[in-house]
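So the chains spell out like this:
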Amino acid sequence: GCATTTITSHYYNYQLTHDASHALTPMEQNHESIQNLKELYPHWNQIIVLTKIWCLQRGILNRHDGLTMEHIALLILYMYRTKLVGPRMGPPQVMSALFKLLADT
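Note that the structure is predicted; figures quoted are calculated from it, not measured. (Residues numbered from 1 in each chain as written. Predicted model: local features only at pLDDT ≥ 70, side-chain atom pairs only at ≥ 80, totals over all residues. Heavy atoms only, no water.)

With their axes 11 Å apart at the nearest point, helix 4 (residues 69-81) and helix 5 (residues 91-104) run at an angle of 105° to one another. Of the possible angle classes, the one that applies to helix 4 and helix 5 is roughly perpendicular. From helix 4, Leu 75, Tyr 78, Met 79 and Tyr 80 reach across to helix 5, where they touch Val 94, Ala 97, Leu 98, Leu 101 and Leu 102. Across the contact of helix 4 with helix 5, the residue classes tally to nine nonpolar, no polar and no charged. (Axes fitted to C-alpha atoms, helices over the stretch in contact; angles between N-to-C directions. Helix = DSSP H or I, 4+ residues; strand = E, 2+ residues; numbered from the N terminus. Parallel < 35°, antiparallel > 145°, perpendicular 65-115°, else oblique. Contact = heavy atoms within 4.5 Å. Nonpolar A, V, L, I, M, F, W, Y, C, P; charged D, E, K, R; others polar.)

A rise of 1.5 Å per residue sets the reference length of helix 5, with its 14 residues, at 20 Å; its end C-alpha atoms lie 20 Å apart and thus fit the reference within 8%. For helix 5, the full list of buried residues reads Pro 91, Val 94, Met 95, Ala 97, Leu 98 and Leu 101. Looking down the long axis of helix 5, one finds its buried residues gathered within 160° of arc, a one-sided arrangement. Turned more than 90 degrees off the buried face of helix 5, the exposed positions are Pro 92, Lys 100, Ala 103 and Asp 104. Elements that come into contact with the buried residues of helix 5 comprise helix 3 (44-58) and helix 4. (Expected span 1.5 Å × (residues − 1). Buried < 20%, exposed > 50% of the residue type's maximum accessible area, 1.4 Å probe, protein only. Arc of directions from axis to C-beta.)

What follows covers the nonpolar core. With 20 residues, the main nonpolar core has Trp 44, Ile 72, Ile 76, Met 79 and Tyr 80 as its most contacted residues. Put simply, the parts of the chain that give this core at least two residues each are helix 3, helix 4 and helix 5. With six residues, helix 4 is the single largest residue contributor to this core. Sequence-distant contacts of Ile 76, that is, excluding residues within four places in its chain, are made with Trp 44, Ile 47, Ile 48 and Thr 51. (Core = buried A, V, L, I, M, F, W, Y, C linked by side-chain atoms within 4.5 Å.)

This next bit is on helix 3. Between the first and last C-alpha of helix 3 there are 21 Å, a value that for 15 residues agrees with the 21 Å anticipated at 1.5 Å per step. Of all the residues in helix 3, the buried ones are Trp 44, Ile 47, Ile 48, Thr 51 and Cys 55. The buried residues of helix 3 occupy an angular sector of 100° when projected down its axis, which confines them to one face. Across from the buried face of helix 3, at angles greater than 90 degrees, the exposed residues are Leu 56 and Gln 57. In the stretch just after helix 3, Gly 59 is the one whose phi turns positive, near 70°.

This part is about the packing of aromatic side chains. In this description, a pair of aromatic rings is defined by centroid distance and the angle of the planes. A complete count under the given rule lists three aromatic pairs for this structure. Considering the side-chain rings of Tyr 41 and Trp 44, the 6.4 Å spacing of their centres and the 35° angle between planes classify their relative orientation as tilted. Residue Tyr 41 shares its accessibility class with Trp 44, and that shared class is buried. With a centroid separation of 4.1 Å and an interplanar angle of 25°, the aromatic rings of Tyr 41 and Tyr 80 are classed as stacked. (Phe/Tyr/Trp six-rings, centres within 6.5 Å; stacked < 30°, edge-to-face > 60°.)

Here it is as structure tokens:
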């Protein structure tokens, strides 16, 4: 088979972060944006809660070297936007993809 590698740069990573943070900014200010996000990704809330519980159990939530709720939301949004996961996938499948993403990064 043909192995592919992803080449990233600081600019590319910055753009991803900028786009994702731009997508999440209205979420804090506008309830309608939260509803749109939930409609696009039906298991959004369940995945956020499961990830938060997982982080809490490992002591990495809101730590200086851990994850915040914003980090979790950005990671999950990134996975949906890059099609690492799809809207029809259930929470356990999305969690597996998140663990793989974290292990591979």
